[in-house]
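# Breakdown of the fold
The chain contents come next:
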Amino acid sequence: MDLNFSAEDIAFRDEVRAFLKDNWTDQDRKDMGNGLSMDHDIPVRWHRRLAEKGWAAPNWPLEHGGCPWTPTQKYIFDVECANANCPRLISFGLNLVAPVLYTFGNEEQQKKYLPDILSGKTWWCQGYSEPGAGSDLAGLSTRAERQGDHYIVNGQKTWTSTAHNADMIFCLVRTDPSAKIKQQGISFLLIDMKSPGITVKPIITLDGQHHVNDTFFDNVKVPVANLIGEENMGWTYAKLLLTHERTGIAGVARSKNRLDELKAAASTEPTGMGQAPLIDDPSFRAKISQIEIDLMALEITDLRTLADVQKGGAPGPESSILKVRGTEIQQSIAELFLECAGYYSQPYVKDTHWGNYEGEMIGADYSTSTALQYFNTRPATVYGGSSEVQRNIISKAVLGLR
Ligand SMILES: Cc1cc2nc3c(=O)[nH]c(=O)nc-3n(C[C@H](O)[C@H](O)[C@H](O)COP(=O)(O)OP(=O)(O)OC[C@H]3O[C@@H](n4cnc5c(N)ncnc54)[C@H](O)[C@@H]3O)c2cc1C
């Protein structure tokens, strides 16, 4: 693909910049703080503004509300949003269940769910993992038994991000426990979180925050109309969703933006009284250069994937490459921020919202959230499928090794 920006691309970039200037203001950035929260308000605010403009779901097919943009324009949009410090949109509805709905859902399901996902009216969460089924997802045991025009669901999902805020959950459930191969006998169900019998219990993560939950199902009644595609064929739909999830986690534009912020921080941070800024330290510079090189390589891979998706279809197993490298880079940047802030990094700042410190500052402005950012990126190489498991997929499905 051609990476030189054409006159149309530059005009598009200017249009995006003008929109961002008017629609994601300094006040919004102040409200957002350091952007680590997965609470409703901020991403929903941004989602709804994008939806009004028709820009909430650039990758969706046009007939469902996607944007008629080229891969280069999608790339420009991502970069400009990252540079303007816009929040990440929560992906469970827009980027995970929506591709399953528009690819495998029936017309009634598409009409019922897609418009509210696009507008940001409904909030979804993902019910894949269970206490005994993470990397080995096909070992899941949450049971859905058909009784007339309903399923009765019993079991437990774990690590369910944002379930405490969600209106709906998409779940993998076992509908045929007698299937000989464990990938068979699984179905894909959409469940209303207000259904009687659902209990959500918080799990507090390393960063001291409440993003994830245990979600329990006790005789939950789910209409058969909420089954996606065919019964016992859920594994096929689940795999498509995972390729979209892994592509989205790479976060190239955000990492580029964070790297620029890191360079700026290291340019001002003195290593000691009368000493040169950290950016002048050759070993620190070498670490930054390595990340920059890795990020450039990842960016090209990301653009190639975008170009392939544009031709039709979903991202393939290459999405595992994006996931592994993208998350490792996010972690490396967070580690260098810690190194840069040194002992001014603070794991928890009392009485603050997400380390958005409003009292007297000790250390540089950026330093109060460096420890939170560090803890926040630790699980990135686990969620969406761990790095070890992604490397197994790459070796088999991309490199053809046995
Ligand atoms: C912050 C966070 C948010 C999450 N959000 C969600 C969510 O919203 N919805 C959801 O469904 N799930 C979610 N998850 C779950 C996530 O997808 C799983 O944690 C992940 O798939 C790993 O599964 P596990 O935790 O059971 O680890 P395990 O599968 O038990 O793995 C333990 C270790 O063994 C390694 N391992 C396992 N199998 C192999 C193998 N074959 N080869 C080599 N190494 C292997 C793994 O790499 C890992 O290091 C989230 C997880 C986290 C941490």
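Residues numbered from 1 in each chain as written. Predicted model: local features only at pLDDT ≥ 70, side-chain atom pairs only at ≥ 80, totals over all residues. Heavy atoms only, no water.

### Quick notes on the overall build of the protein
Basically, it comes down to this: Helix numbers and strand numbers start at the N terminus; a helix is a DSSP run of H or I with at least 4 residues, a strand a run of E with at least 2. For every residue, the accessible area (1.4 Å probe, protein chains only) is compared with the maximum for its type, and the residue is labelled buried under 20%, exposed over 50%, or partly exposed between those bounds. The method behind every accessible area is Shrake-Rupley, applied with a 1.4 Å probe, and residues are considered shielded solely by the protein chains displayed. The sign given to each residue is positive for Lys and Arg and negative for Asp and Glu; His and the chain ends receive no count. Where a charge lies is defined by one atom per residue type, namely NZ (Lys), CZ (Arg), CG (Asp) and CD (Glu).
Secondary structure assignment for the protein yields 12 helices and seven strands. Over its C-alpha atoms, taken along the principal directions, the protein stretches across nearly 75 × 50 × 50 Å. A buried classification covers 49% of the 402 residues belonging to the protein. Surface accessibility of the protein: about 19,400 Å² in total, with carbon and sulfur atoms responsible for 52%. Side chains of the protein give 40 positive and 50 negative charges; the mean places of these two sets differ by 4 Å.

### Some remarks on the site of the ligand
Convention followed: Any residue with a heavy atom lying within 4 Å of a molecule or strand is counted as near it. Counted as a polar contact is a pair of N or O atoms within 3.5 Å, where, for protein atoms, one must be capable of donating a hydrogen and the other of accepting one, and residues adjacent in sequence contribute only when both atoms are in side chains.
Within the structure, the ligand sits among 18 residues, and Ser129, Ser135, Trp159, Ser386 and Glu388 are positioned closest to it. At 3.0 Å from a nitrogen atom of the ligand is found a side-chain nitrogen or oxygen belonging to Asn392. Of the residues forming the shell around the ligand, the biggest block, three residues, is contributed by helix α12 (residues 387-398).

### Points about the pairing of strand β2 (residues 143-147)
Put simply, the test is: Pairing between strands is defined by DSSP: at least two bridges between the two strands are required.
Pairing geometry for β2 and strand β3 (residues 150-158), over five bridges, is antiparallel. Pairing of Glu145 across the sheet is with Ile152, part of β3. The turn linking β2 back onto β3 is made up of two residues, and Gly148 within it adopts a positive phi angle of 65°.

### Considerations on the domain arrangement of the protein
Put simply, the rule reads: Each domain span listed reflects an automatic or database assignment of domains. Only heavy atoms enter the contact rule, under which two residues are in contact if any of them lie within 4.5 Å. Reported buried area values correspond to the accessible surface (1.4 Å probe) lost by two parts on association, with both partners' losses combined. Three classes are used: nonpolar for Ala, Val, Leu, Ile, Met, Phe, Trp, Tyr, Cys and Pro, charged for Asp, Glu, Lys and Arg, and polar for all others, with Gly counted as polar.
When cut into domains, the protein gives domain 1 (7-89), domain 2 (124-234) and domain 3 (250-398). Just the C-alpha atoms count here: the centres of domain 2 and domain 3 sit 32 Å apart. Counting residues at the interface gives six residues for domain 2 and eight residues for domain 3. A buried area of about 600 Å², summed over both sides, lies between domain 2 and domain 3, and 64% of it is on carbon and sulfur atoms. Area buried by domain 2 at its contact with domain 3 is led by Leu206, Asp207 and Gln209, which between them contribute 71% of it. Counting across the domain 2 and domain 3 interface gives zero residue pairs in polar contact (both at pLDDT 80 or more). Classifying every residue of the side of domain 2 that touches domain 3 gives one nonpolar, four polar and one charged.

### What to know about the pairing of strand β7 (residues 212-223)
As paired strands, β3 and β7 are joined by eight bridges and run antiparallel to one another. Bridged to Thr158 within β7 is Asp214. Both strand β6 (residues 198-203) and β7 contribute to a ladder of six bridges, which runs antiparallel. Its bridge partner being in β7, Val200 is matched across the sheet by Thr215.

### Quick look at the nonpolar core
The following threshold applies: We call a set of buried Ala, Val, Leu, Ile, Met, Phe, Trp, Tyr and Cys residues a nonpolar core when their side-chain atoms join them within 4.5 Å.
Counting residues in hydrophobic clusters, the biggest one holds 78 residues, and the most contacted among them are Val153, Phe170, Phe188, Leu190 and Ile191. By residue number, the principal contributor to this core is helix α5 (residues 91-104), which donates eight residues. With near-sequence residues (within four places) excluded, Val153 lies in contact with Thr142, Arg143, Ala144, Val173, Leu189, Ile191, Phe217, Asp218, Asn219, Val220 and Val222. Counting residues in each nonpolar core, the second largest holds 21 residues, with Ala250, Leu262, Ile329 and Leu336 among its members.

### Side note on the packing of aromatic side chains
Keep this limit in mind: Two rings from Phe, Tyr or Trp (for Trp, the six-membered ring) form a pair when their centres sit within 6.5 Å of each other. Planes less than 30 degrees apart are called stacked, planes more than 60 degrees apart edge-to-face, and all others tilted. Only lysine NZ and arginine CZ atoms are considered, and such an atom sits over a ring when it is within 6 Å of the ring centre and within 35 degrees of the ring normal.
Under the defined criterion, the tally for this structure stands at 17 aromatic pairs. Considering the side-chain rings of Trp124 and Phe170, the 6.5 Å spacing of their centres and the 35° angle between planes classify their relative orientation as tilted. Linking Trp124 in strand β1 (residues 124-127) with Phe170 in strand β4 (residues 168-174), this pair joins segments that are 46 residues apart in sequence. Classification of Phe170 by relative accessible area gives buried; the value is 0%. Between Tyr374 and Phe375, the aromatic rings sit 5.6 Å apart at their centres with planes inclined by 65°, giving edge-to-face as the arrangement. An aromatic cluster is present here, built from Phe12, Phe19, Trp24, Trp46, Trp55, Trp69 and Phe77 joined pairwise through their rings. When the ring centre of Trp55 is taken as reference, the NZ or CZ atom of Lys53 above it lies at 4.9 Å. Cation over ring: Lys201 sits above Phe216, and NZ or CZ is 5.3 Å from the ring centre.

### A word on the pattern of salt bridges
Using the following cut-off: A side-chain nitrogen of Lys or Arg and a carboxyl oxygen of Asp or Glu constitute a salt bridge if their distance falls within 4 Å.
Here the structure, examined in full by the defined rule, presents 19 salt bridges. In this structure, the salt-bridge partner of Asp14 is Arg13, at a minimum N-O distance of 3.6 Å. For the salt bridge of Glu339 with Lys287, the shortest nitrogen-to-oxygen distance reads 3.0 Å. Of the two residues, Glu339 is situated in helix α10 (residues 319-341) and Lys287 in helix α9 (residues 282-310); the sequence distance between them amounts to 52 residues. What makes Glu339 partly exposed here is its relative accessible area of 40%.

### Considerations on helix α8 (residues 252-268)
Put simply, the rule is: How far a helix is expected to stretch is found by multiplying one less than its residue total by 1.5 Å.
Counted at 1.5 Å a residue, the expected span for α8 with its 17 residues is 24 Å, and the 25 Å between its end C-alpha atoms agrees. Of the surrounding secondary structure, the elements contacted by the buried residues of α8 are α4 (71-83), α9 and α10.

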